[in-house]
Structures are given as C-alpha cells and as structure tokens.
Amino acid sequence: MKDNHYHLLGRKILASMLVVPAVPFVLLLIIGSYYFITTAQNTTMAKMARIVEDHRQIVDSFLSERESDLQFAADSYDILELIKPETMSQVFENLQKKSAAFTDFGVFNQTGVHVAYHGPYALAGKNYADAPWFRQVLKDGLYISDVFLGYRNIPHFIIAVVKKTGDRTWILRATIDTSIFKNVVEKIRVGKTGEAYILNMEGRFQTQRRSGGDLMSKDPTLETMPPVNLAVESTVRKDAQGETFLYAATWLKNKDWLLVARQEKAEAFKDLNRIAYLVILVILVGGLMIVSLALYVSRRLVGEMEHIDTEKEELGRQLIVAGRLAEIGEMSAGFAHEINNPLQIIRSEQTLIETILEDMKERGDVPPSEDLAQIHDSLDQIKFQVDRAGGITQGILKFARKKESSIREIDLKVFVPEIITLVKRKANVEGIHVAVEIDEGTPLITGDASQLEQVVVNLLNNAIYAIVERHGPSGGELVVSAAPVTDGEVVLSVQDNGGGISPEDMEKIFTPFFTTKPVGKGTGLGLSICYGIVGKMGGHMEVKSETGRGTTFFIRLPKV
Ligand code: ADP
C-alpha cells in the first residue's frame, strides 16, 4: 500500500520532469527543423537556379558568337568573290579559327540551290528550296536549327544568315559539331550527379545527358515544358528510375532551347542529411540525459521523502515514549511524597520506642541482656533503613520538583559531592567505583543549581549505563572532576570507562531523539536538553570519546 504510494509518487514526479522539458524541446525541434529544412532547401534550389542562369549566358554567347562569326564572313566579301573555292576555303579556315565547332560552310542562292560549299561532304548543287530551315532563314534573316541527322547521318545543327546584294538574297550556312557544343553545355559540374543538357521545344535531347538519355529522344521526366520565358524554373521531380532530382531550367535567349540542370536530391542535401544525423544524435543524447536525470532525481526525491516520512514516524513514536516517561516522572514524585509521610511516622515511632526503652532502662524495668541488645540493633537498623528510604524519596522529590529558574552562585566543591550521593548507591550496586576530584582552587560559578543538577545527573546516568553495558557488575570507573581553566572558565567533567561513542554517532548525540538504547530505556532527549541548559548558562558542552575505552563529557561554565 505504502510502497504503491511512493511508486505512484515517483511516477508522477518522473512524468512531470519528462513532460516539462520535453514540450519546449519537441516544439523547438519541430519549428527549428522546419525552418532549417526549408531554408536549406531554398538555398540549394537558389544555388541551382543561379548556376543555370550563369550557364545560360555561356551557351547563349556561344550561339551568338557563332552567328556573328558567320555574319562577319557574309559581310566581309563580295558574293562573287566569296563563292570562289579558294575564298570559301579561306573563310572556313577563319571560321575554324574562331571555333573548332564549325564543320562546314556553304552558300545558297535565293532559290535554294547550294551554290558553293566547303566541307567534308559533296553537298554543292543540292536544292533546299523546300527545306523548312531555308524558308525560315529567308523569312527571319537568321536561323538556328535543332539537332538533326540530315544527309550525313550524324548529329549536328546549323546556323544560317542572310546576305543581301542589291535585289538578290544569299544565304550563308554553317554546320556546328554537336560534340564541341555538347562540351560547352556540359561544363556544369555540381557534385557527382550534377549535369546539364538542352531540350528542344518538344522536349527532345539536343545534347546527350551524362546520366543517360539518347540524343533526340524525348526526356521522360519533363512531360510538360515550362512556358517559354527567361525565368528560371526550379522544381523537385522524380525521374523514370524513381530517383528524385532537383531541377533548374531556363530557355535560351538566342534559340528556343531549354537549358536544364539537375542534381540528385540525395547528393544536393548530403550536407543537410549530415546535419540532420548530427541533430538526431544530439536529440538522442539530450533525450537520454534528460531521461536519466529525471529518473535519478525522481528516485532520489522519492527516497528522501520515504526517509523523511519514516523519520517523522520514528519521532512521533519517541515523542509518545518521552511523554510517557514525563508522566512516570511526575507520578514518581507523587509516590515519593506519599511514601515520605509513612516514613516520617515510622521514624518518629522508632524514636518514640527508643525513648521509651531508654526510660525503662533508667528505671531498671529492663535489665541489660542479649535480647535488649538485639532490640537496639533492630531499632538502629530501622533508623538506618528509614533514613535511607527517606534519602531516596527526598532525592526524587528534589529532582522532580519543577523549580523556578533561579540563578545563584554555585560552589562546585559542595555541589558535586551532593549530586554524587544521588547516584552513589546505584553506582555501588553496579560495582562502579566513583571518584570525585575537585581542585581546591575551583572558583564559584553562576547558574541554576537545579538545572545544572539535572545535567550532571543525566551525564552520570548515561555513564553508568555505558559502563554496565561494557563491564557488567564490576570494573566500572567513574570520575567526576572540576577545575578552573585559564580564561575565566571552570570545567566540570564526567569521565567513564564505558564502551565509548562511535565516530558516526558522535555527530548525532546532541540531536533530540537520537538514542542507541533499546525502546523504553532511552528517549534520546537527555543530551539535547543538557546542551540547551548549559548553553543558556553561558557555557558550552564538549565530548571526547574513544570506542572501547570510554567517554568524557566536559561542561565549561563561566566563573563568577
Ligand atoms: P538517551 O540516554 O535517552 O539515549 P541521550 O541524549 O542522553 O539519550 O544520549 C544519546 C546517546 O548518546 C545515547 O543513546 C548513547 O548512544 C550516547 N551516549 C551518551 N552518553 C554516553 C556515554 N557516556 N557513553 C557512551 N555513549 C553515550
């Protein structure tokens, strides 16, 4: 029942100790990780977007540079001069100097006939009048194609510009090697999985993707193309293999191509994950610390409470014993008083018998005889025993009487022997030798004699108890001494050769209710009361003890 109570109490304390730090801890964790993850995610996405934007400029300027190269060639020559094979070769050489991506160079008239060509294929003479690129360039003055295979059956794309001479229009066309263009596009290096590629309007690969994706096939990840504008669109998507990627894509300025950069999310967030693991570790360690601390503290608290409760119970029990003892004390004072009266009567009867006997002897009524001597002996014995009993009852009465506190001068040379008589008989019965050593120069002290008597009697009783415990009925030594000490103090000491006090008990003996005696034999109040009384008299109590050798209590009191 009681165990259950403490168990429940422990559980309640533990629960509150866990809940109180757990609530802010969890809240902090949720809010913190939410903001941390979103910020980290946004930062990573923004980084991807920035990379794509920078990269668009590189790809765009590659295209516009190639276009300007071609336009420069168109503007630098008269058309009749240009289409001469040696000029064509010279122009191509110059183009190649600008960029190795140029693989051939051709000139067309406005009817679509390939009038001059410099390159690895025999394309001169072919007619392109119906080719969509041809119509487009006539219309717009500039054309950049998607990647296609064409007659040559290798991937390439073309750039075409217009040259006007009078009322005639000429078209200059150059082929761009995709392998070189690919290098420009793929320059992006973000981590291990970061890559960049280009898609046309239909979502077909214009450059090969490092992680797979055939040229001109459709990118399965981007089912819908983002709207054509220069904004960078960042998204998180799963590709066909189920891998999640961070995407950033933007349209080029010079061509309706979409530049895409992507990186595996796992890799992009690797640092984030590392921090997350660290946070989890901190949470685990922190949580473990909180739990173990809560467990420790709650157990300790409950333990202390249990201890305090038991101590309280013990104190209550001892208080009852003390109360009972006080009652007995009062009752014994009453008994002593009651017994004293008959003793007085017996004593006066005995004196009367003695007087009568003396009278009869004087009158010669009783001649001296053996019997008379015996009667005298008996009367002496009665007198002795009655005096003895009277002494005991007087002692009890004197001790029990609650006198008003009266401070007066006390002469220890008289006071100590008086007290000794109170315990002498008891000491004799226990076979204890009592020695009194009062220094002749012991000065008077001031104090309450009856209270001091209570103190010394208590010390003597404790000493007798300790001696009997150790020696039984013989071998006890009790020394009561008094002597002046230098600084205006007198020391009164009670020394015994009992069992002594253990060092751990030594700290507790002046504590109320501390006792090592069995129930009914001690209340544990004696020394604490003595300590209080001596303190009130302006004195001080000290004790020296050695287990197995004995104990000496010192009462230091101020002299008059
Ligand atoms: P009580 O005598 O009722 O136990 P006290 O306050 O007088 O209470 O003493 C407290 C305890 O101090 C005793 O129980 C005992 O263990 C110890 N003690 C006191 N005097 C002596 C002594 N002379 N020798 C050994 N132990 C002593």
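What you see is a predicted model, and the numbers here were worked out from it, not measured in a lab. (Residues numbered from 1 in each chain as written. Predicted model: local features only at pLDDT ≥ 70, side-chain atom pairs only at ≥ 80, totals over all residues. Heavy atoms only, no water.)

Q: Sorry if this is basic, but what is going on with the overall build of the protein here?
A: Looking only at helices and strands, the protein features 12 helices and 16 strands. By the compact-globule yardstick of 24 Å for 560 residues, the protein is too spread out, its C-alpha radius of gyration being 60 Å. Here the C-alpha coordinates of the protein stretch approximately 195 × 55 × 40 Å along the principal axes. A separation threshold of at least 6 residues defines the contact pool for the protein, and within that pool the share at least 24 residues apart is 60%. Surface exposure of the protein reaches about 31700 Å², of which carbon and sulfur atoms provide 58%. (Helix = DSSP H or I, 4+ residues; strand = E, 2+ residues; numbered from the N terminus. Rg over C-alpha atoms; globule rule 2.2 N^0.38 Å. Contact = heavy atoms within 4.5 Å. Areas by Shrake-Rupley, 256 points an atom, 1.4 Å probe, with all protein chains shown as cover.)

Q: Teacher, can you tell me more about the sheet that holds strand β16 (residues 550–558) here?
A: Working definition: the strands of a sheet are paired by backbone hydrogen bonds and lie parallel or antiparallel to each other. In spatial order, the strands read β11-β13-β14-β16-β15; together these five strands make up an open sheet with mixed pairing. The open sheet has two edge strands with one neighbour each: β11 (432–438) and β15 (540–546). Geometrically, the sheet is characterised by an average inter-axis angle of 15 degrees between neighbouring strands, direction not taken into account. Relative to β16, β15 is paired through seven bridges, and the arrangement is antiparallel. Across the sheet, S545 pairs through a bridge with T551, a residue of β16. Each of β15 and β16 is contacted by helix α12 (residues 526–536), which is oriented at about 140 degrees to β15, the strand it contacts most. (Pairing = 2+ DSSP bridges. Axes fitted to C-alpha atoms, helices over the stretch in contact; angles between N-to-C directions.)

Q: Just to check I follow, could you spell out the pattern of salt bridges for this structure?
A: Opposite charge on two side chains allows them to pair when their charged atoms are near. Applying the stated criterion across every chain yields a total of 16 salt bridges. Across the salt bridge formed by D69 and R66, the nearest N and O atoms sit 3.1 Å from each other. On the criterion of helical spacing, the pair formed by D69 and R66 is a turn pair, its members being three residues apart in helix α1 (residues 2–76). A relative accessible area of 10% means that D69 is categorised as buried. Here K255 and D146 are joined by a salt bridge, their closest N and O atoms 3.3 Å apart. One end of the pair, K255, is in the loop between β8 (244–251) and β9 (258–264); the other, D146, is in the loop between β3 (142–144) and β4 (156–165), with 109 residues separating them in the sequence. Residue K255 is classed as buried on the basis of its relative accessible area of 10%. (Salt bridge = Lys/Arg side-chain N within 4 Å of Asp/Glu carboxyl O. Buried < 20%, exposed > 50% of the residue type's maximum accessible area, 1.4 Å probe, protein only.)

Q: Please clarify how the pairing of strand β13 (residues 476–485) should be interpreted in this entry.
A: A regular strand places its side chains on the two faces of the sheet in alternate fashion. In this sheet, β13 lies alongside β11 in parallel orientation, the contact comprising seven bridges. Directly across from A435, in β13, lies its bridge partner V479. With eight bridges connecting them, β13 and strand β14 (residues 489–496) associate as antiparallel partners. In the strand pairing of β14, S481 is matched with S493.

Q: I keep staring at the sheet that holds strand β6 (residues 195–199) and nothing clicks. Help me out?
A: The antiparallel open sheet is built from four strands, whose spatial order is β6-β9-β8-β7. Each of the sheet's edge strands pairs with one partner strand only, and the pair in question is β6 and β7 (233–238). Averaged over all neighbouring strand pairs, the angle between strand axes comes to 30 degrees, with direction disregarded. Bridging between β8 and β9 involves seven bridges; their strand directions are antiparallel. Opposite A248, over in β9, you have A261 as the bridge partner.

Q: Help me understand the site of the ligand in this model?
A: Residues in contact with the ligand amount to 20 residues; listed here are only the nearest, T515, T516, K517, T523 and L527. A distance of 2.8 Å separates an oxygen atom of the ligand from a polar backbone atom of G524. One of the backbone N or O atoms of L527 is found 2.8 Å from an oxygen atom in the ligand. For the ligand, whose accessible area on its own is 530 Å², the fraction buried by protein is 93%. When contributions to the shell around the ligand are tallied by element, the ones reaching two or more residues are α10 (449–471), α12 and β16. With four residues, α10 is the single largest residue contributor to the shell around the ligand. Here the shell around the ligand is built from residues that sort into eight nonpolar, 10 polar and two charged. (Near = heavy atom within 4 Å. Polar contact = N/O pair within 3.5 Å; in protein donor to acceptor, adjacent residues only side chain to side chain. Nonpolar A, V, L, I, M, F, W, Y, C, P; charged D, E, K, R; others polar.)

Q: What should I look at first to understand the nonpolar core in this one?
A: Generally speaking, soluble globular proteins have nonpolar side chains that are buried together. Core analysis: the biggest nonpolar cluster contains 40 residues, and L412, F415, L460, L478 and I555 have the highest contact counts within it. Counting only elements with at least two residues in this core, the list comes to α9 (412–429), β11, α10, β13, β14, α12, β15 and β16. Per element, the largest residue contribution to this core is 10 residues, and it comes from α10. Leaving out residues up to four positions away in the same chain, F415 has contacts with I410, A449, L452, E453 and V456. (Core = buried A, V, L, I, M, F, W, Y, C linked by side-chain atoms within 4.5 Å.)

Coordinates in, geometry out; function isn't part of it.
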